[in-house]
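Structural characterization, general
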Amino acid sequence: MNRPLMETRSLTLGAAGRTLLRDLSWQARGGERWCVIGRNAVGKSTLLRALAGLSVPRREGTVSWLGRSQAEWAPADAAALRAFAPQQSNDRFPIAVQRLLELAACVPGGSDPWALLRALDATHLAERDVMQLSGGERQRVALAQCAAQGAPLMLLDEPVAFQDPAHQRQVARWLLTLTERCLVFSAHDVNWIAGVATHVLALHGDGGWEAGPVATMLDAERLEAVYGCRWRQADGAWLIVE
Amino acid sequence: MGLQGTRLATFAALLLTGTAALLGAALLLGSGGLDADLIATLRAPRVVAAAGVGALLALSGLAMQVLLRNPLADPYVMGTSGGASVGALLALLSGVSLWIGAAGGALLAGVMLLALARSALAASDDASARLILTGAMLASVAGALATLLLTLTPDERLRGAIFWLVGDLSGAQHGWVCLLGALAFALTLLARRRSVDRLMLGSEAAALLGEPVRRLRYELLVAASLAAGLAVATAGAIGFVGLVVPQLLRLTGVQRTRELAWMSPVGGAALLVAADLAARIVVAPMELPVGAVMALIGAPLFIGFLMRSGR
C-alpha cells in the first residue's frame, strides 16, 4: 500500500452550534476516488473546505498532507499539492478561460490546458470570458482550472451539480482518467457515484461517519441510513422505493 | 475574449498617440494664446499636474478594485480621497506637512473601509452593494468633516472648499512628484502582475494558488492610499478618474495587470488633462473647477456601470 496523501486525525467540524462531523480519522491515497455523501447541510462542503485548508466555522483535530500537518505547509508548496474546486465560482472581473487556466498552473509542466478543455468538452470556451458562461459551462471550466493547477490531491465540491446528463457522464469519464491523483468529491446521484468512486465517505448528520470501498458502502441499508429513504437495485441501477 | 496580439498593440498605439495629442492641445490651447512664456510658466506645470494626478488616481482606483474585488471601487467614491482631504486640512491647521496629512488621512480612511467591509469581503455571496454603500458613507462623513474644518477655521492660508471637496487644478504645483509617484506605483503593480491577476479571481482562489494574499492586500491598500493622498495634496479631491479609466479599459477588452498597470495611468492622465482643458476653455475666460467637470462626466458613467453590473 502506498503512503497516504492525506490523513485526518480526530477531525471534528461544527457550524452554528451544531456538530457536523465528530472524530474523523481517515486516510486517502493516490489512485483513490473518494465520494463524500450525505443529505443537504450535513457538512460535505465544510469537510472539503477543511481538507483543502480553507477557513471553516469550527474545527478541531488535524489534517495532514504527506504526513505533515496543513499548518506546516508554505502556501506555495500547498498549492503544488492540493487543488480545490468550489461549488460555485464568484467572478467579478472579466477573464478569458484560457488565461484563467494559465493563471491556475502551479506545477511546472503539470497539466496541458488544451487536453483538459478537450476532455471536459470546453475547447470552444477557451476564448470566452468566464462571466459570460452558463452555470454548467463555468463549472466545467472550474474543474479544468482545478486540474490545471497540477496538484496530485484534488478536492471537488459537487463537480456535476450543474451538468446535464451527457456532461455528467463526460465528467465521470474524465475523472476516471486521473488515475495518478487522489480525488475527493461530493455528489448526490448514487448511480453516478457508483460509476466513478472507488470509496465512499458517508456523513450521517449527527457527527457520525462511515468510510469504505464503494462496493460495501453503497448498499440498501447504508443508503437508507444516510438519506432516510428506502432503496432497491434494479438492473444494476439504484432506485428509491416509493 | 480580451484584446490580444495585434489588436492589443493597435489599441496601445492609439492610446499613446491620443494622450500625446491631448497633451499638445492642452499646452497650446487656452486664453492668452501661443505665448512661449505663458506656456512654460503657467500651462506646462498645470498640464503636468493634471497628468500626474490623473495617473495616480487611475492607479489608485485599479488597486482598490482588486483589493476590494469590486470593479466600481474608486478612491473618491470609497472615501479615501475624502480622508486625505480631512487629513491634509488637519495637517495644515496644526502646522504639519500637507503631504503627510493627506497620506495619513487616506491611509486611515482605507483601513476603516477595510475594517467595515471585512464581513462583506469575507462573504462568498455578492456583497458589492454593501461595500459601495459603506464607502459612500465614509466619503460623506469625510466631506462633512472637511466642511466643518473649513467653516470653523476661516484661515486664508487654506484653499477653498471647492479644492478640498471636488478638486481644482488651478495653481497646482509639483506635478512631477505625482508623475514619479505614478511611475513607482505602476512598476510596483507590474512586478506583481501575476499575483494581482490571481487576486482578481478572489482572495480564496488566490490563496489556494499559493499567493500571500494578506500581504498583497496590505501592499495594495498602502499604495492606493498613498497615491490618493498625493493626488489630493496636489489637486484636491478629484473624483471618478479611478473608476472610469480601468472600467473603460476592461470594457475595451484589456484584462491583464500587465497592460492595466500602464494603460490605466496613461488613460487617467489623458482623461484629467482633457477634463482640465475643458474646464479652462468651455466658458473662457472664466475657469471651472476640474473636479466638477470630472464629477459631471464620472457620476453618470458610475450609474451606467452600476446598472450594467446588476444585470
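Please read all numbers here as calculations on a predicted model, not as lab measurements. (Residues numbered from 1 in each chain as written. Chains lettered and ligands numbered in written order. Predicted model: local features only at pLDDT ≥ 70, side-chain atom pairs only at ≥ 80, totals over all residues.)

On to the overall build of chain B. Secondary structure summary: chain B contains 13 helices and 0 strands in total. Along chain B, helices and strands appear, N-terminal first, in the series α-α-α-α-α-α-α-α-α-α-α-α-α. Against the globule reference of 19 Å for 311 residues, chain B gives a C-alpha radius of gyration of 19 Å, in line with a compact fold. Each of the three principal axes of chain B carries a C-alpha extent, and together these read 60 × 50 × 35 Å. Within chain B, the proportion of its 311 residues that are buried is 53%. (Helix = DSSP H or I, 4+ residues; strand = E, 2+ residues; numbered from the N terminus. Rg over C-alpha atoms; globule rule 2.2 N^0.38 Å. Buried ≥ 20, exposed ≤ 12 C-beta atoms within 10 Å, placed from the backbone.)

The subject of this paragraph is the overall build of chain A. What chain A contains, in helices and strands, is 9 helices and 12 strands. Taking 18 Å as the expected radius of gyration for a compact globule of 242 residues, we find that chain A reaches 18 Å, a close match to that expectation. Seen through its C-alpha atoms, chain A measures out along the principal axes to roughly 45 × 45 × 40 Å. A buried classification covers 42% of the 242 residues belonging to chain A. Considering only contacts in chain A between residues 6 or more positions apart, those separated by 24 or more positions represent 68%. (Contact = placed C-beta atoms within 7 Å.)

Counting residues at the interface gives 20 residues for chain B and 22 residues for chain A. Counting residues per element, the ones that place at least two in the side of chain B that touches chain A are α8 (193-199) and α9 (203-208) of chain B. When residues of the side of chain B that touches chain A are assigned to their parent elements, the largest contribution, 3 residues, is made by α9(B). The residue makeup of the side of chain B that touches chain A, split by class, is 8 nonpolar, 6 polar and 6 charged. (Nonpolar A, V, L, I, M, F, W, Y, C, P; charged D, E, K, R; others polar.)

With that settled, the discussion passes to helix α5 (residues 135-148) of chain A. Residues and elements named next belong to chain A. Taking 1.5 Å per residue, 14 residues should reach 20 Å; α5 reaches 20 Å between its end C-alpha atoms and fits that length. The element α5 is largely enclosed, with a buried count of 12 among its 14 residues. The set of residues buried in α5 consists of E137, R138, Q139, R140, V141, A142, L143, A144, Q145, C146, A147 and A148. Those residues of α5 that are buried are in contact with β6 (82-85), α3 (97-104), α4 (113-119), β7 (153-156) and α6 (165-177). Looking one or two residues beyond α5, the residue adopting positive phi is G150, at roughly 90°. (Expected span 1.5 Å × (residues − 1).)

Quick look at the sheet that holds β6(A) now. Residue and element names in this part refer to chain A. Spatially, 6 strands are ordered β6-β7-β8-β3-β9-β10 in an open sheet, and the strand pairing comes out mixed. This sheet does not close on itself; its edge strands, each paired only once, are β6 and β10 (209-213). On average, each strand axis in the sheet is tilted by 15° relative to the strand beside it, whichever way the strands run. Bridge count between β7 and strand β8 (residues 182-186): 4 bridges; the pairing is parallel. Across the sheet, L155 pairs through a bridge with V184, a residue of β8. (Pairing = 2+ DSSP bridges. Axes fitted to C-alpha atoms, helices over the stretch in contact; angles between N-to-C directions.)

Right, let's get into the sheet that holds strand β1 (residues 6-15) of chain A. All names here are of chain A. Ordered by their spatial adjacency, 4 strands build an open sheet running β2-β1-β4-β5, and the pairing between neighbours is antiparallel. On the outer flanks of this sheet lie β2 (18-28) and β5 (68-69), each paired with one strand and no other. Pairing between strand β4 (residues 58-65) and β5: 2 bridges, direction antiparallel. Residue pairing across strands places S64 opposite S69, the latter belonging to β5.

Describing two packed helices takes the angle between their axes plus the distance from one axis to the other. Residues and elements named next belong to chain B. One can describe the packing of helix α7 (residues 175-191) onto helix α10 (residues 213-235) by two numbers: an axis separation of 10 Å at closest approach and a directional angle of 165°. Between α7 and α10, the interaxial angle falls into the category roughly antiparallel. Crossing hand, α7 versus α10: left-handed. Where α7 abuts α10, its residues G175, V177, C178, G181, F185 and T188 lie against A223, A227, L230, A231 and T234. (Parallel < 35°, antiparallel > 145°, perpendicular 65-115°, else oblique. Left-handed = near helix turned anticlockwise from the far one by under 90°.)

Right, let's get into the nonpolar core. All names here are of chain B. Formed by 182 residues in total, the largest nonpolar core has its most connected members in A231 and V273. The biggest single contributor to this core is helix α2 (residues 36-68), with 17 residues. Excluding residues that lie within four positions of it along the chain, A231 makes contacts with V53, L56, L57, C178 and I238. (Core = buried A, V, L, I, M, F, W, Y, C linked by C-beta atoms within 7 Å.)

In this section: the pairing of β8(A). All names here are of chain A. In terms of residue burial, β8 counts as a mostly covered element, since 5 of its 5 residues are buried. In β8, alternate side chains face the same way, and those of C182, V184 and S186 on one face and L183 and F185 on the other are all buried. Pairing of strand β3 (residues 33-37) with β8 involves 4 bridges; the strand directions are parallel. Paired with V36 across the bridge in β8 is S186.

The subject of this paragraph is the pairing of β7(A). All names here are of chain A. Residues L153 and L155 line one face of β7 and the alternating positions M154 and L156 line the opposite face, and both faces are buried. Bridge count for β6 against β7 is 4 bridges, and the pairing is parallel. Across the sheet, the residue bridging to A83 is M154, located in β7. For the segment spanning β7, α6 and β8, crossover handedness is right-handed. (Right-handed = clockwise from strand over helix to strand, strands pointing away.)

With that out of the way, let us pick up unusual backbone geometry. All names here are of chain A. With phi around 50°, D23 is a residue other than glycine that occupies positive phi space. The topology assignment puts D23 in strand β2. A positive phi angle, near 50°, is found at D235, a position not held by glycine. Note on placement: D235 falls in the loop between β11 (231-234) and β12 (237-240).

Our next topic: the packing of helix α1 (residues 5-28) of chain B against helix α12 (residues 257-281) of chain B. All names here are of chain B. One can describe the packing of α1 onto α12 by two numbers: an axis separation of 9 Å at closest approach and a directional angle of 30°. When the axes of α1 and α12 are compared, the pair comes out roughly parallel. Considering how the two elements wind past one another, α1 and α12 form a crossing that is left-handed. Contacts between α1 and α12 involve L8, L15, L16, G18, T19, L22, L23, A25 and A26 from the first element and E259, M263, V266, G267, A269, A270, V273, A274, D276 and L277 from the second. Broken down by class, the residue content of the contact of α1 with α12 amounts to 14 nonpolar, 3 polar and 2 charged.

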